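# Tertiary structure, described
Spelled out from the first residue to the last, the chains are:
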Amino acid sequence: MAETLVPQPASDGSAERLARIRAGLSARHSRERRFRFYGIAAIAAALGFVAILFTMILYKGLPAFTQATLEVEVFFDPEVISVDPMPVQQQGQSQAEFRRAMTDWQRQATMVNWNRIVEAAVRNAAPGTEADSRQLLSIVETNARFELRDRFVADPGILGSTARVKMLASANADNWLKGNINRDLPDAQQQLAAPARELADRLYENGHIRFAFASHIFTNVDSRSAPASAGLAGAFVGSLYMMLVVIVLAVPIGVMSAVYLEEFAPKNRLTDLIEVNINNLAAVPSIVFGLLGAAVFINYFRLPLSAPLVGGLVLTLMTLPTVIIATRSALRAVPPSLRQAALGLGASKTQTVFHHVLPVTYPGILTATIIGVAQALGETAPLLLIGMNAFVAQIPGTPLDQSSALPVQIYLWQGNENRNFFEARTSAAIIVLLGLMLTLNAIAIFLRSRLERRK
Amino acid sequence: MHMPSEKIVPSSDLYAISSSTVRTPDESPRPVRVTARDVSVFYGAKQALFDVSIDIPEKAVTAFIGPSGCGKSTFLRCLNRMNDTIEDCRVNGRIELDGQNIYDAALDVVELRARVGMVFQKPNPFPKSIYENVAYGPRIHGLAKNKAELDAIVEASLHKASLWSEVKDRLNEPGTGLSGGQQQRLCIARAIAVSPEVILMDEPCSALDPIATAKIEELIDELKQNFTIVIVTHSMQQAARVSQRTAFFHLGNLVEEGPTDMIFTSPGEKRTQDYITGRFG
């Protein structure tokens, strides 16, 4: 035995052995090279697909962040705006009476034909246009008149003067100017009449129409009557409320369940059954959770339809298994020596878990939470079943108000009949959603590196 | 020089002997602190320890030696009921600390572990600051009334573990950033901060280099003035250097136990002699 450990002088036997080793060597090396090549190819393919995805989204979505905006001199013509002076609270007039007078006055202001003011302003900016009033107004967003009214109600002194006002061009005009519409199509297939198209081009040439940053995407809610001014503020806030519900419910419930199952529960058939079921729940299609939510939260508990609270509850159900499974595996990864150290000092089981074991798993729990929340943020199917695909034209004030959600907004815009305008809008919403997710992930990475440094 | 009658004869009349004494080589007879009688340990159906009976003297070092898997660590872990944490581990027999059965249902295991501290094979400081490592035990047991007292306990413990001079300027740095030997001394400081009566050490030097080992051994020698120490070691030289009494375990049996010099110079059993002379193990 010991003799084989002593280096042998080269004999016939060892030379032959060496030759055999060398014969296989090149095959072994080439096998390794091949494997590495496959790995690199796989990564390149994956990165390629991601690059294609992001390029497509950015290419389609970025133009939606700028929008054709009309800037014209508006004359607040007293002949058109023939309303009484704004009421002032009289001596002895009750609060209720004053409010009624004010409402009456505002109604009067609303009844004004603001379209005439808009038309006059646009005509003034493009003298001699052949477009009739209908055609002219078709290039201006329909809510421009409400903006003028609001401006007047806020400051009645503006009557009789001229102000420079920005208003959105209509979706069709925006499309036309962005070149989304084939200019060679015959009149019958164009959405804008020929004089209106000519008017839009003219206003663009003389600088009255410019492409400006469309900040209203972030501040406005969805709109059908005025598609150009549609935004996703309502959906954004709805999604935030749902995230809040998910974080507040899924994290404590999930972490506590995992801690109990992993650290305290006796290992028997019942806990095995629970474990198997939790793993199965993680694989249940999300639409099933939607059905469950509709049946339990809406039909049984009578929670309101389309509410972010219900959406958040459904998404919590969906996220719980992810959080539980990830927390358990993080707990399992804690070295037993740490538990022994604490127990050996006389720490109780609970103290051991909460003072020593759980803190080392925070980074893992955090990662799991972020993955779960990001998944929930992008989930659409279960929300459709609890009515969150309804058209909601307001920003929800509380989690019980009706609302939409970002992915549902994407789904709704994607199906909008005004295709070539909303295609870009859809991509813009996707960019916002992805931006939100990247932000979440960045926060998670930041927090995790801080937690890990503290160790 | 030592009479063979030193060896413990397990018999029923010894069940209440916790006030009796055993001899250690350096000094006169010492009072017994821990008494074990007919201790058997089962892992599931497998028996790991067979009817072990031993007396552990106060303020002395008792070493458990024996080949791997002989049950010495298993027995050590019975003394502060760390085996409770292992599922389907069953302990039969009787272990008394100052005459009180530690497997009594009325005894709180948390209290027991505050009285019987433990140092593990691999240094396992908490992933917290050096200060927090030492302060944790006194804090959970409520041993310090205020921050000043806690500071004093931490400093005294680190002094006793001969670590104070090395870490006094970086008490807030993580304990895991120390060297292996320092980490183990930190673990000893952490154990003695609770002022236990008995300290169990499970191969405390097996993960350390010779210099760190020498420091720990020196430390054990100092600690025995205040604490009752039980040490498991696979190094016979270490047992000979630090202990006053030695117990030799083999295949789950306590083969022989007595004053260290006697075990190493004139063992009563052939198996002990074979092991000590390196014939197996």
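This is a predicted model, so every value here is computed, not measured. Residue numbering note: each chain is counted from 1, following its sequence as written. Here every chain gets a letter starting at A, and every ligand a number starting at 1, in the order they are written. Given that the model is predicted, a residue must reach a pLDDT of at least 70 before its local features are reported, and side-chain atom pairs must reach 80 or more before they are shown or counted; all residues, however, enter totals for whole chains, interfaces and linings. Computation of side-chain values covers all heavy atoms of the structure but excludes hydrogens and water.

## Remarks on the overall build of chain A
For the record, the criterion: In this text, helices come from DSSP runs of H or I with a minimum length of four residues, and strands from runs of E with a minimum of two, each type numbered from the N-terminal end. Restricting the calculation to C-alpha atoms gives the radius of gyration, and the globule rule supplies 2.2 Å times the number of residues raised to the power 0.38. When a residue's accessible area, from a 1.4 Å probe over protein chains only, is under 20% of the maximum for its type it is buried; when over 50% it is exposed; and in between it is partly exposed. Contacts are assigned to residue pairs that have any heavy atoms within 4.5 Å of one another.
In terms of regular secondary structure, chain A is built from 18 helices and 3 strands. The C-alpha radius of gyration of chain A comes to 33 Å, more than 25% above the 23 Å expected for a compact globule of 455 residues. Principal-axis analysis of the C-alpha atoms gives chain A an extent of 115 × 65 × 40 Å. Expressed as a percentage of its 455 residues, the buried residues of chain A come to 41%. Contacts in chain A between residues far apart in sequence, at least 24 positions, make up 76% of those at least 6 positions apart.

## A few points about the overall build of chain B
So the rule is basically this: To be clear on the numbers: accessible area is Shrake-Rupley with a 1.4 Å probe, and residue cover counts the displayed protein chains and nothing else.
When its secondary structure is counted, chain B shows 10 helices and 11 strands. Contacts in chain B between residues at least 24 apart in sequence constitute 66% of all its contacts with a sequence separation of at least 6. Only carbon and sulfur atoms are counted for the fraction: they give 50% of the accessible area of chain B, which is about 11800 Å².

## Looking at the layout of surface pockets
Where we set the bar: Cavity: a set of points on a 1 Å grid over the protein atoms alone where a 1.4 Å probe fits but cannot get out. Pocket: an open set with protein on both sides within 12 Å along at least five of seven lines, its lining residues, like those of a cavity, having an atom within 4 Å of a point. Grid points are joined across faces, edges and corners, and a volume is the space filled by probe spheres set on the points. In the scheme used here, Gly and all other residues not listed as nonpolar or charged are polar, with Ala, Val, Leu, Ile, Met, Phe, Trp, Tyr, Cys and Pro taken as nonpolar and Asp, Glu, Lys and Arg as charged.
Taken as a whole, the largest pocket holds about 510 Å³ of empty space. Taken together, 17 residues make up the lining of the largest pocket; nearest its centre are Glu-262, Glu-263 and Lys-349 of chain A together with Thr-85 and Glu-87 of chain B. Breaking the lining of the largest pocket down by element, the ones donating at least two residues are helix H10 (233-264), helix H13 (308-332) and helix H14 (336-344) of chain A. Within the lining of the largest pocket, the residues separate by chemical class into 7 nonpolar, 2 polar and 8 charged. Here the second largest pocket is characterised by a volume of approximately 340 Å³.

## Brief notes about the UniProt feature "domain: ABC transmembrane type-1" (unreviewed entry) in chain A
To keep things clear, this is the line we draw: UniProt positions are given in the numbering used here, feature names are shortened, and annotations may be inferred rather than shown by experiment.
In the numbering adopted here, UniProt assigns the feature "domain: ABC transmembrane type-1" (unreviewed entry) to residues 236-442 of chain A. When the span residues 236-442 of chain A is considered, its composition is 77% helix and 0% strand, and the gap between its end C-alpha atoms is 19 Å.

## Section: the interface of chain A and chain B
Stated formally: Buried area adds together the accessible area that both of two parts lose upon being put together, with accessible area traced by a 1.4 Å probe. Definition used for salt bridges: Asp or Glu carboxyl oxygen within 4 Å of a side-chain nitrogen of Lys or Arg.
Taken together, the contact between chain A and chain B spans 17 residues of the former and 23 residues of the latter. Of the roughly 1700 Å² buried at the junction of chain A and chain B (both faces included), carbon and sulfur atoms supply 63%. Three residues, Gln-340, Leu-345 and His-356 of chain A, lead the burial of chain A against chain B; their summed loss comes to 35% of the area buried on that side. Seen at the junction of chain A and chain B, the total is 0 salt bridges. Sorting the residues of the side of chain A that touches chain B by element identifies H14 and helix H15 (349-377) of chain A as the ones contributing at least two each. Grouping the constituent residues of the side of chain A that touches chain B by class yields 7 nonpolar, 8 polar and 2 charged.

## Remarks on the pattern of salt bridges
Residue and element names in this part refer to chain B. Enumeration over the complete set of coordinates arrives at 33 salt bridges over all chains. Between Arg-115 and Glu-197 there is a salt bridge whose closest N-O contact spans 3.0 Å. Here Arg-115 is found in helix H2 (residues 109-115), whereas its partner Glu-197 is found in the loop between helix H6 (180-192) and strand E8 (198-202), with 82 residues between them in sequence. Judged by its relative accessible area of 23%, Glu-197 falls in the partly exposed class.

## A look at the UniProt feature "transmembrane region" (unreviewed entry) in chain A
Residues and elements named next belong to chain A. Sites flagged by UniProt as "transmembrane region" (unreviewed entry) map to residues 37-59, 240-261, 281-301, 307-331, 352-377 and 428-447. Helix makes up 100% of residues 240-261 and strand 0%. Its end C-alpha atoms lie 31 Å apart. Between the C-alpha atoms that bound residues 281-301 the distance is 22 Å, and the span itself is 81% helix and 0% strand.

## Notes on the nonpolar core
Note the following rule: Side-chain atoms within 4.5 Å link the members of a nonpolar core, which is a set of buried Ala, Val, Leu, Ile, Met, Phe, Trp, Tyr and Cys residues.
Ranked by internal contacts, the top residues of the largest apolar core, which has 47 residues, are Leu-232, Met-242, Leu-315, Leu-377, Leu-383 and Ile-386 of chain A. Broken down by secondary-structure element, the contributors of at least two residues to this core are H10, helix H12 (286-300), H13, H15, helix H17 (406-414) and helix H18 (419-454) of chain A. Element by element, the count of residues in this core is highest for H18 of chain A, at 11 residues. Sequence-distant contacts of Ile-386 of chain A, that is, excluding residues within four places in its chain, are made with Gly-290, Gly-293, Ala-294, Ile-298, Leu-305, Ser-306, Val-310, Gly-311 and Val-314 of chain A. Core analysis: the second largest hydrophobic core is formed by 43 residues, Ala-135, Trp-164, Cys-205 and Leu-219 of chain B among them.

## Quick notes on the sheet that holds strand E2 (residues 162-168) of chain A
All names here are of chain A. Note the following rule: Note: two strands are recorded as paired if DSSP finds a minimum of 2 bridges between them. Every angle, taken between N-to-C directions, lies between 0 and 180 degrees, and every axis is a line fitted to C-alpha atoms, over only the stretch in contact when it is a helix.
Read across the sheet, 3 strands follow the order E2-E1-E3 without closing on themselves; strand pairing throughout is antiparallel. Two strands in the sheet have a free side with no partner beyond their single neighbour: E2 and strand E3 (209-213). On average, each strand axis in the sheet is inclined to that of its neighbour by 40 degrees, with strand direction left out of account. Packed on one face of the sheet, helix H4 (residues 114-125) meets strand E1 (66-75) and E2 and runs near 100 degrees to E1. Against the sheet, helix H6 (residues 144-154) contacts E1 and E2, and its axis sits at roughly 145 degrees relative to E2.

## Side note on the domain arrangement of chain A
Cut-off, in case you're wondering: Throughout, the edges of the domains are those of an automatic or database domain assignment.
The assigned domain composition of chain A is domain 1 (68-214) and domain 2 (233-454). Spacing between the C-alpha centres of domain 1 of chain A and domain 2 of chain A amounts to 45 Å.

## Some points on the packing of H10 of chain A against H15 of chain A
Residue and element names in this part refer to chain A. We count it as follows: Here is the rule for angles: anything less than 35 degrees is roughly parallel, anything more than 145 is roughly antiparallel, 65 through 115 is roughly perpendicular, and the remaining ranges are oblique. Left-handed is the label given to a crossing in which the near helix is rotated counterclockwise from the far helix by less than a right angle, and right-handed is the label when the rotation is clockwise.
Relative orientation of the contacting elements H10 and H15 amounts to 140 degrees, with a least axis distance of 9 Å. The orientation of H10 with respect to H15, classified from their angle, is oblique. The element H10 and its partner H15 pack so that their crossing is right-handed. Only Lys-349, Thr-350, Val-353, Phe-354, Val-357, Leu-358, Ile-365, Thr-369, Val-373, Ala-376 and Leu-377 of H15 make contact with H10, whose side of the interface consists of Ser-239, Met-243, Val-246, Ile-247, Val-251, Val-255, Met-256, Val-259, Glu-263 and Phe-264.

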